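# Descriptive analysis of the structure
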Amino acid sequence: MINKTIKDIRIIDIPKITDPRGNISVIEKTTLPFDIKRVYYLYDVPSDASRGGHAHKLQLEVLIALSGSFEVKLDNGKNVKTIMLNKPNKGLLIPVGVWRELENFSSGSVCLVMASDVFDEDDYIRDYNDFKLFKRGNI
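Let me begin by describing the structure that accompanies this report. Only a predicted model underlies this, so the values are computations on that prediction, with no experimental measurement involved.

What follows covers the pairing of strand 7 (residues 70-75). Both strand 7 and strand 8 (residues 80-85) contribute to a ladder of six bridges, which runs antiparallel. Bridging across to strand 8, Lys 73 finds its partner in Thr 82. The antiparallel hairpin formed by strand 7 and strand 8 contains four residues in its connecting segment, where Gly 77 sits at a positive phi of about 95 degrees. One ladder, built from five bridges, connects strand 7 with strand 10 (residues 99-103); its direction is antiparallel. Looking at strand 10, one finds that Val 72 is bridged to Leu 102.

Here it is, written out as structure tokens:
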């Protein structure tokens, strides 16, 4: 489970219903590959600030730019990829064992995060050197 590749990171299409009064996107049942146990969102993030800076041992997450845009830098220990999120009907699935950093937030951006589990500090890897050890199976 810890040897995920950059290919395991994917964009999930969130169903979008187009209506002249405004669009609506719905997340239910099998939209995500996990049951949602926690939802949180980031907002009022200064454009020069970064968020994230961690990986998870067991938790899956989907990130959506509800408003505005931001970049997600993803690192699986071997490869690094940056993805721009800027559409509220596109979710970024981040598997376990992938380091993430969120950067370059536009003014007014909102990042919605849906997680497969409740908060558990023991699931976080917050030091990059510990992350490299985790990827090698040493912690």
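After that view of the structure, there is still more to cover.
Pairing in this open sheet of five strands is antiparallel, and the strands run 1-9-6-11-4 from one edge to the other. Looking along the sheet, the strands with just one partner apiece sit at the ends: strand 1 (10-13) and strand 4 (38-43). Geometrically, the sheet is characterised by an average inter-axis angle of 30 degrees between neighbouring strands, direction not taken into account.

A word on the side chain of Ser 109. With respect to the helices, strands and loops of the structure, Ser 109 is situated in the loop between strand 10 and strand 11 (110-115). The class of Ser 109 is buried, set by a relative accessible area of 2%. Engagement of the side chain of Ser 109 in a polar contact is seen with the backbone oxygen of Ser 106, the distance being 3.0 Å. With sequence-adjacent residues up to four places away left out, Ser 109 is seen in contact with Leu 42, Tyr 43, Asp 44, Ser 67, Gly 68 and Ser 69.

The next subject is the environment of Gly 22. Turning to its location among the elements, Gly 22 is positioned in the loop between strand 2 (16-17) and strand 3 (24-25). The exposure class of Gly 22 is partly exposed, given its relative accessible area of 37%. Along the chain, Gly 22 and Ile 94 lie 72 residues apart, while their C-alpha atoms are 29 Å from each other.

Definitions and limits used
- Note on numbering: residues in each chain are counted from 1, in written sequence order.
- A pLDDT threshold of at least 70 governs which residues receive local features in this predicted model, and a stricter bar of 80 or more applies before side-chain atom pairs are shown or counted, although totals over entire chains, interfaces and linings include all residues.
- Side-chain measures here rest on the full set of heavy atoms in the structure, leaving out hydrogens and waters.
- Two strands are said to pair when DSSP picks up at least two bridges between them.
- Here a helix means four or more residues in a row that DSSP labels H or I, a strand means two or more in a row labelled E, and each is numbered from the N terminus.
- As a rule, the C-alpha atoms of each element are fitted with a line to give its axis, helices using only the stretch in contact, and angles between N-to-C directions run from 0 to 180 degrees.
- Relative accessible area decides the class of each residue, using a 1.4 Å probe on protein chains only: under 20% of the type maximum gives buried, over 50% gives exposed, and in between gives partly exposed.
- Between N or O atoms, a polar contact is any pair within 3.5 Å; within protein, one atom must be a potential hydrogen donor and the other a potential acceptor, and residues adjacent in sequence are included only when both atoms are from side chains.
- Whether two residues are in contact is decided by their heavy atoms, any of which lying within 4.5 Å being enough.

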